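Here is what each chain is made of, one letter per residue.
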Amino acid sequence: MKQITVLSGKGGTGKTTITAAFAVLAKKALIADCDVDAPDLHMLLHPEILEKREFKGSKLAVIDEAKCVKCGACKEKCRFDAITQILIVDPLSCEGCGVCVVVCPTNAITLTERVSGYAYISKTKYGFMTHALLKPGESNSGKLVSLIRQNAKVLAEKEKSNLIIIDGPPGIGCPVIASVTGADAGLVVTEPTLSGIHDLERAIQLLRHFNVKPFVCVNMYDVNMDNTEKISRFCRENGIEVVGRIPFNSIVTEAMVNGKTIIEYSPQCDVAKEISSVWNKLCEELVLR
Amino acid sequence: MIVAVASGKGGTGKTTVAVNLAVSIEKAQLLDCDVEEPNAYLLLNLKITREEPVFRFIPSINEDLCDLCGECAYFCQHNAILVIPQKVLIFPELCHGCGGCALMCPKKAIIEEKHKIGCLKEGCQNNLWIVFGELDVGEPMAVPLIREVKKRIDKTRNVILDAPPGTGCPMIETVKGSDFCLLITEPTPFGLHDLKISVTVLEDMKMPLGVVVNKAGIGDKKVYEYCREKSIPILLEIPYQRDIAELYSKGIPFSLKMPGWREEFQKLFDDIKRLVGK
């Protein structure tokens, strides 16, 4: 089984548009939406939820007012400033470490499990999809990403699917690391802007750090040809293949407004054709056919 | 006053708004808290005058004192410590640095050691003070670095925080303690979906908020309908224009080149002041 992660470093470069198009082109791949903060893929693929499970990724300290003697030991030892002046736990800051529990002289604090989000297994027109929703402000998104990928793996084996396509989150932090580790390839979607280039370089470093083979695709390449050339040169010098240059076309937004992937909405447009070509190249690279 | 600039969806224009706002107002301090991908300085042609490493603490075992009792591993909620028959294994990428293991160890065999996670950089340009963090590639924990960036807040200035995308812990850490949060969105289904998630988070935090619609003219009108229903003020619209996109691609704040925009951003800041009551 092969796994490919679509990532970008910088947000808004077109990861989800491209992942959704891949889902259509691949026909029987498993799709994993690992952007748990802002999962948008469902708006293009319209999954029908088959299973929903609570995700308990972290704990929360709870103070029993009746036992609390207001000594402040918990506040003093908490490194996350999660206990306020009046000794109340701030759930947004609490990381559920349990230090307050052990320093409390009257055993007034306990850790309780909290539901941090939900993991879903769904069905789309183009195959199964695993995804999730992290409750706003919850931490441990890396753990939830791992769960989505685990669900995808189990399902792929059951369905005899040979490919998992992963839509990654922006950035290079914990959920991104969880999205790329163990993948066979990482497609970095970038745009020809200074920020795009800067973030592309960091995304490539990240993939190399975790031994994932990088590929690059320049989206909206015609917005700044000089920068597109810079990206090509950077990739050439670093031995990375640029597998596609997708033109800017407002039809992409139009397709999104209509809740459709670009392949369904306008199969003959320049964007759809270029994404299909990127897809074919990746398939060859991954020996999928 | 501290204003955070955030958005659920990436690439909606947080950095564009944060930078243009910072260069348009008096006595600003811009802190780029998107430490995974700090981009604000790219738009400012910044000369970095100060740079220092940032560390977090992870446990280290003194094997001479350790009797492998396992209290540390039992305590650790994040499974960052594993005790095997001859040894204690530490997984730094899972450690949140709470210090609990050192506290629990009956033999005092755990000390906390410095572990570099990134850099803090500073510079000044035309009376605008810029601070940003840069997370080392491969380091998963952004939050401790964001905390360090925020320690540089100078409350005598007009502080602008450029937040990382999403609504997870890095975004919360950035926005926490601000007087106002400006949410940047684009008028598309993705933009709206992620805006709604951000609004939920900020309402939970009881944070005053307003919206900037970027790339206005593309997509549909649903973002406007949503803001009207929720009585969320739309404080600025930036049209989707090729020249704005081109200036951004070259790393130039568009308000410096296009007439009238400096005033628009000043007005935006005045509106925020009015909404905060400062």
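Residues numbered from 1 in each chain as written. Chains lettered and ligands numbered in written order. Predicted model: local features only at pLDDT ≥ 70, side-chain atom pairs only at ≥ 80, totals over all residues.

Asks: I would appreciate a short explanation of the overall build of chain B in the present structure.
Replies: Scanning chain B from N- to C-terminus turns up nine helices and 11 strands. Along the first, second and third principal axes, the C-alpha atoms of chain B reach 70 × 45 × 35 Å. A sequence separation of at least 24 residues applies to 74% of the contacts in chain B between residues at least 6 apart. (Helix = DSSP H or I, 4+ residues; strand = E, 2+ residues; numbered from the N terminus. Contact = placed C-beta atoms within 7 Å.)

Asks: When you look at the domain arrangement of chain A in this model, what are you seeing that I'm missing?
Replies: Bring the parts together and some accessible area is lost; that lost area is often taken as the interface size. On domain assignment, one finds that chain A holds domain 1 (2–54 + 118–285) and domain 2 (58–114). Taking only C-alpha atoms into account, the centre of domain 1 of chain A sits 40 Å from that of domain 2 of chain A. (Domains from an automatic or database assignment.)

Asks: Help me understand the interface of chain A and chain B in this model?
Replies: Taken together, the contact between chain A and chain B spans 50 residues of the former and 53 residues of the latter. Elements with a minimum of two residues in the side of chain A that touches chain B: α4 (99–103), α5 (141–159), α6 (174–180), α7 (194–209) and α9 (251–257) of chain A. Ranked by the residues each element gives to the side of chain A that touches chain B, the list is headed by α7(A), at eight residues. Per-class residue counts for the side of chain A that touches chain B are 19 nonpolar, 23 polar and eight charged. (Nonpolar A, V, L, I, M, F, W, Y, C, P; charged D, E, K, R; others polar.)

Asks: Help me understand the domain arrangement of chain B, please; the structure alone is not making it clear to me.
Replies: As far as domains go, chain B holds domain 1 (2–54 + 118–276) and domain 2 (63–108). For domain 1 of chain B and domain 2 of chain B, the distance between their C-alpha centres works out to 39 Å.

Asks: Got a minute to help me understand the sheet that holds strand β10 (residues 213–219) of chain A in this structure?
Replies: The strands that make up a sheet are held in pairs by hydrogen bonds between backbone atoms, and each pair lies either parallel or antiparallel. All names here are of chain A. Taken in spatial order, the nine strands line up as β3-β6-β7-β2-β8-β1-β9-β10-β11 in an open sheet, and their pairing is mixed. Whereas interior strands pair on both sides, the edge strands pair on one side only; in this sheet they are β3 (48–55) and β11 (241–246). Along the sheet, successive strands turn relative to each other by an average axial angle of 20°, direction set aside. Pairing of strand β1 (residues 2–7) with strand β8 (residues 163–167) involves five bridges; the strand directions are parallel. The residue of β8 that forms the bridge with I4 is I165. Strands β1, β2 (30–33), β8 and β9 (185–190) of the sheet are contacted by helix α1 (residues 15–26), whose axis makes an angle of about 160° with β8. Running over the sheet, helix α8 (residues 225–237) touches β9, β10 and β11 and is turned about 170° from β10. (Pairing = 2+ DSSP bridges. Axes fitted to C-alpha atoms, helices over the stretch in contact; angles between N-to-C directions.)

Asks: I keep staring at the nonpolar core and nothing clicks. Help me out?
Replies: Nonpolar side chains in soluble globular proteins generally cluster together in the buried interior. Formed by 151 residues in total, the largest nonpolar core has its most connected members in A:A23, A:I165, A:V216, B:V5, B:A22, B:L30 and B:I160. Among the elements that make up this core, the one with the highest residue count is α1(A) (eight residues). Dropping the residues within four chain positions of it, B:A22 is found in contact with B:A28, B:L30, B:L128 and B:I160. Core analysis: the next-biggest nonpolar cluster, separate from the first, contains 15 residues, A:A61, A:F80, A:V101 and B:C98 among them. (Core = buried A, V, L, I, M, F, W, Y, C linked by C-beta atoms within 7 Å. Buried ≥ 20, exposed ≤ 12 C-beta atoms within 10 Å, placed from the backbone.)

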